Amino acid sequence: ALIRGDRAGLFPTLQRAGLWTLSLGYRLGSNLRNWAFDHGWKSIHHAGVPVVSVGNLTVGGTGKTPCVEFVARFYRQLDLRVTLLSRGYGSEAGRNDEALVLEENLPDVPHLQGVDRVALAKAAVEELESDIVVLDDGFQHRRLHRDLDIVLIDATCPWGFGHLLPRGLLREPLGSLKRAHVVMLTRCDQATPEAIRAIHDMVVRIRPALPIAESVHRPAEWRNAMQIAAPLDALKDRPIAAFCGLGNPDAFRQTLLKLGLNLVAWRMYPDHHGYSRDDIEELRAWARQLPTDAAVVTTQKDLVKIRVDRLGDRELWALAIRLEITSGQDAFEEGLRRVV
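**Looking at helix α5 (residues 193-206)**
The terminal C-alpha atoms of α5, which comprises 14 residues, lie 20 Å apart, in line with the 20 Å expected from a rise of 1.5 Å per residue. All buried positions along α5 are accounted for by I196, I199, V203 and I206. One side of α5 carries all its buried residues, which in axial view fall inside an arc of 85 degrees. Away from the buried face of α5 by more than 90 degrees, exposed residues P193, E194 and R205 are located. Looking at the buried residues of α5, the elements they touch are β5 (148-154), β6 (182-186) and β7 (212-223).

**A look at the side chain of Q113**
If you trace the backbone, Q113 turns up in strand β3 (residues 111-113). The exposure class of Q113 is buried, given its relative accessible area of 17%. Of the polar contacts made by the side chain of Q113, one reaches the side chain of S86; its length is 3.2 Å.

**A look at the nonpolar core**
In this structure, V52, V71, Y75, L84, I150, F332 and L336 are the most contacted members of the largest nonpolar core, which totals 28 residues. If you list the elements that add at least two residues to this core, you get β1 (51-56), α2 (64-77), β2 (82-86), β4 (132-136), β5, β6, β13 (314-327) and α9 (329-338). No other element matches α2, which puts 7 residues into this core. Other than its neighbours up to four places away in sequence, L336 contacts V52, V71, F74, Y75, L148 and I150. I196, V203, I212 and V216 belong to the second largest nonpolar core, which has 21 residues in total.

**Looking at the packing of aromatic side chains**
Counted under the stated rule, the structure contains 8 aromatic pairs. A centroid spacing of 6.0 Å and a plane angle of 75 degrees characterise the contact between F243 and Y275, whose relative ring orientation is edge-to-face. Pair noted here: F243 is in strand β9 (residues 239-244) and Y275 is in the loop between β10 (262-268) and α7 (277-288), with a separation of 32 residues, a long-range link. Across the pair, Y275 and F243 agree in class, each one buried. For the pair Y269 and Y275, a centre-to-centre distance of 5.2 Å together with 70 degrees between the ring planes defines the contact as edge-to-face.

**Examining the layout of surface pockets**
Reported here for the largest pocket is a volume of approximately 780 Å³. Taken together, 44 residues form the lining of the largest pocket, with G63, P66, R187, L246 and K301 sitting closest to its centre. Residue assignment for the lining of the largest pocket shows that the elements contributing at least two residues are α2, α3 (97-105), β7, α6 (249-258), α8 (300-306) and β13. For the lining of the largest pocket, a count of residues per class yields 12 nonpolar, 18 polar and 14 charged. Its volume calculated, the second largest pocket comes out at about 540 Å³. Lining the second largest pocket are 23 residues, and of these R4, C157, F161, G247 and N248 lie nearest its centre. Put simply, the parts of the chain that give the lining of the second largest pocket at least two residues each are α6 and β10. With 5 residues, the single largest contributor to the lining of the second largest pocket is α6.

**Observations concerning the pattern of salt bridges**
As enumerated under the stated definition, the model contains 21 salt bridges in all. Residues R143 and D116 are paired through a salt bridge, measuring 3.1 Å at the closest nitrogen-oxygen approach. Of this pair, R143 sits in the loop between β4 and β5 while D116 sits in the loop between β3 and α4 (117-126), placing them 27 residues apart in sequence. By relative accessible area, which is 30% here, R143 ends up partly exposed. The exposure class assigned to D116 is partly exposed, which follows from its relative accessible area of 36%. With a shortest N-O distance of 3.0 Å, R218 and E324 are connected by a salt bridge. In this pair, R218 sits in strand β7 while E324 sits in strand β13, placing the two residues 106 residues apart along the sequence.

What counts, and where the lines are drawn
Residues numbered from 1 in each chain as written. Predicted model: local features only at pLDDT ≥ 70, side-chain atom pairs only at ≥ 80, totals over all residues. Heavy atoms only, no water. Helix = DSSP H or I, 4+ residues; strand = E, 2+ residues; numbered from the N terminus. Expected span 1.5 Å × (residues − 1). Buried < 20%, exposed > 50% of the residue type's maximum accessible area, 1.4 Å probe, protein only. Arc of directions from axis to C-beta. Contact = heavy atoms within 4.5 Å. Polar contact = N/O pair within 3.5 Å; in protein donor to acceptor, adjacent residues only side chain to side chain. Core = buried A, V, L, I, M, F, W, Y, C linked by side-chain atoms within 4.5 Å. Phe/Tyr/Trp six-rings, centres within 6.5 Å; stacked < 30°, edge-to-face > 60°. 1 Å grid on protein atoms, 1.4 Å probe; cavity = no way out; pocket = protein on both sides within 12 Å on 5 of 7 lines; lining within 4 Å. Points joined across faces, edges and corners; volume = space filled by probe spheres on them. Nonpolar A, V, L, I, M, F, W, Y, C, P; charged D, E, K, R; others polar. Salt bridge = Lys/Arg side-chain N within 4 Å of Asp/Glu carboxyl O.

If you want it as structure tokens, here you go:
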């Protein structure tokens, strides 16, 4: 709310000014780091097989996990051995939420997590005999050479409020898009046509002729912790309570409303939230206050960490999401094929 400008008055203005001052140091550090890689002062390591990166320019959720799943499925359909690599934020106590979702949806694709992704890539090639490596959240990870850089831009908040961290949400300056090989706009169904055209115009100004695809996160089905599936209309006539711990929680809320659900209660947690026993008990108490015919819904990323199919005698369902490319699919898939 602060960096978005929702908070008015002298003190919030001074806070934003202080954050902007800090962002100058962040910009300097980001520029120096990229310059060092661009000019050979920092080493870039080759994996020995093609590397495809799915990343973004901003912090927060841009929908990387469904895109990583799309890319991995594409290469599996070509009968290639694929390994996913990720930093694993929030995985100190084990596999993080994104890894658990991808393992659930892609049981035949290994997923390695760790800080040193150069070492992970070596293990993927030498130990798992991978034909191709997909790097999750890899745009800023310059140490590992990539043959295709896919950069996702959330159409609902494309430029991180126009400022670098901590004043805004940008991880690096917009000019870094010059390193990208293809751009994919996500959540295009939640933005106006004018907003999408403005994003296209900005991308073209930064790097003309850069391929741009557009996509939506299409709800696929409901799933519970027992891996039982239900059609999307199964909960349509019931009161619904929802919670999530995402980088962009409002996108999930808007998806539920577009499904025509009767949303009667809503809770948010921080991104990558690790649910404790106390959290589960609080959710159970919250669910008990709902009407007897109510159901509780969340995201796959949250359900894989909770692993229960009921909260306070109310059913708990997760919404499974699939990436659907609505424009530019031919150019996007041609880029994927070219690297192999």
